[in-house]
Amino acid sequence: MSENQIREAAHLILDSTSTVALTGAGISTESGIPDFRGPDGLWTKVDPMKFASINAFLSDPKAWWETAAQLAPTLLDAKPNAAHQALAKLEKIGLLQCIITQNIDGLHQRAGSQKVLEVHGNFGNAVCIVCHERVNRRYVERKIKKKQLPPTCPSCGGILKIDAVLFGEALPQEIYRHAIKVVGDCQLMIVVGSSLTVYPVASLPNIATQSGSKLIILNQEPTLLDATADLVIHAKAGDTLTRIFDQVRRTRR
Ligand code: APR
């Protein structure tokens, strides 16, 4: 990535009165969590329809939870990286209105970001598929430790599912509606670490640009929407966002 691209990104951020970040799995790879479709992505090893679909879950919840229990430490022990921190700092100085994330790892909040819309849910919590009660992460962790899988609802005994959206499930409607509103009103969208292949979230950059917003795409590999962006940076998120934040602060003084 060039110095010009960093300056251009900082300029777009400083020019905008309403900036939204849309993040995907690529922002968390530097925290040790593999993405899905990158060269070492999870979907190169596991068939998403055999693991991440609601049908796979419902057909064998015990096997599903056993696989999830193996993946859980990678997600639960991860720490926010420089990219999460740069976005949190941008929000703190009033230059980022909101983060819309497809990630379920909770790392934006742990980096200090306040306004985060988790459109694919959160891995930490679980929800009962019968009475829809939400159950916190500690309860589920205890069940995993004791190998009491699938975990069941403390209220009605129904099977618990992670509170994340699986293929075949609808997005949390209220959160997604809020995301569309924020995107329709923004002047700048910054996409970070997403292949932009999973709908409906992949349509958000188009909604933004059709409403007059500028678009920055920061991703290690090309995406299908690169041609529609005002600025495309193919680089790692951590170093790039840190440099953009530093440039914003220097220019603002
Ligand atoms: N910096 C920048 N980009 C990166 C980095 C990095 N350090 N590491 C990986 N990437 C890029 C990859 O090149 C890839 O294009 O991030 C992108 C991640 O894309 P996906 O793996 O497809 O992840 P995402 O777009 O979040 O997937 C969307 O798919 O399976 C579902 O529900 C899951 O929310 C997920 C959705």
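Model, not experiment: these values are computed from the prediction. (Residues numbered from 1 in each chain as written. Predicted model: local features only at pLDDT ≥ 70, side-chain atom pairs only at ≥ 80, totals over all residues. Heavy atoms only, no water.)

(A) Broad picture of the domain arrangement of the protein chain. Split into domains, the protein chain comes out as domain 1 (1–33 + 80–120 + 170–253) and domain 2 (45–77 + 123–164). Here the C-alpha centroids of domain 1 and domain 2 sit 29 Å apart. Tallying the contact residues gives 6 residues for domain 1 and 6 residues for domain 2. Summing both partners gives a buried area of about 490 Å² for domain 1 against domain 2, and 60% of it is carried by carbon and sulfur. Run the count over domain 1 and domain 2 and you get 0 salt bridges. Linking domain 1 with domain 2 are 1 residue pair in polar contact (both at pLDDT 80 or more), by the criterion used here. Of the residues that constitute the side of domain 1 that touches domain 2, the class distribution is 2 nonpolar, 2 polar and 2 charged. (Domains from an automatic or database assignment. Contact = heavy atoms within 4.5 Å. Buried area = accessible area lost by both parts, 1.4 Å probe. Salt bridge = Lys/Arg side-chain N within 4 Å of Asp/Glu carboxyl O. Polar contact = N/O pair within 3.5 Å; in protein donor to acceptor, adjacent residues only side chain to side chain. Nonpolar A, V, L, I, M, F, W, Y, C, P; charged D, E, K, R; others polar.)

(B) Seen up close, the environment of Leu87. Locating Leu87 in the fold gives a position in helix α5 (residues 82–92). The exposure class assigned to Leu87 is buried, which follows from its relative accessible area of 0%. Expressed as a C-alpha distance, the spacing of Leu87 and Ala237, which sit 150 residues apart in the sequence, is 11 Å. Every residue in contact with Leu87, bar those within four places of it in the chain, is listed here: Ala21, Thr23, Ile27, Leu96, Ile99, His108, Ser113 and Leu241. (Helix = DSSP H or I, 4+ residues; strand = E, 2+ residues; numbered from the N terminus. Buried < 20%, exposed > 50% of the residue type's maximum accessible area, 1.4 Å probe, protein only.)

(C) Local environment of the packing of helix α1 (residues 3–15) against helix α10 (residues 237–252). Two elements in contact, α1 and α10, have axes whose closest approach is 9 Å; the angle formed by their N-to-C orientations is 60 degrees. When the axis of α1 is compared with that of α10, the two are oblique. Judged by the twist between their axes, the crossing of α1 over α10 is right-handed. Within the contact between the two elements, α1 uses Glu3, Ile6, Arg7, Ala9, Ala10, Ile13 and Leu14 and α10 uses Thr240, Arg243, Ile244, Gln247, Val248, Thr251 and Arg252. (Axes fitted to C-alpha atoms, helices over the stretch in contact; angles between N-to-C directions. Parallel < 35°, antiparallel > 145°, perpendicular 65-115°, else oblique. Left-handed = near helix turned anticlockwise from the far one by under 90°.)

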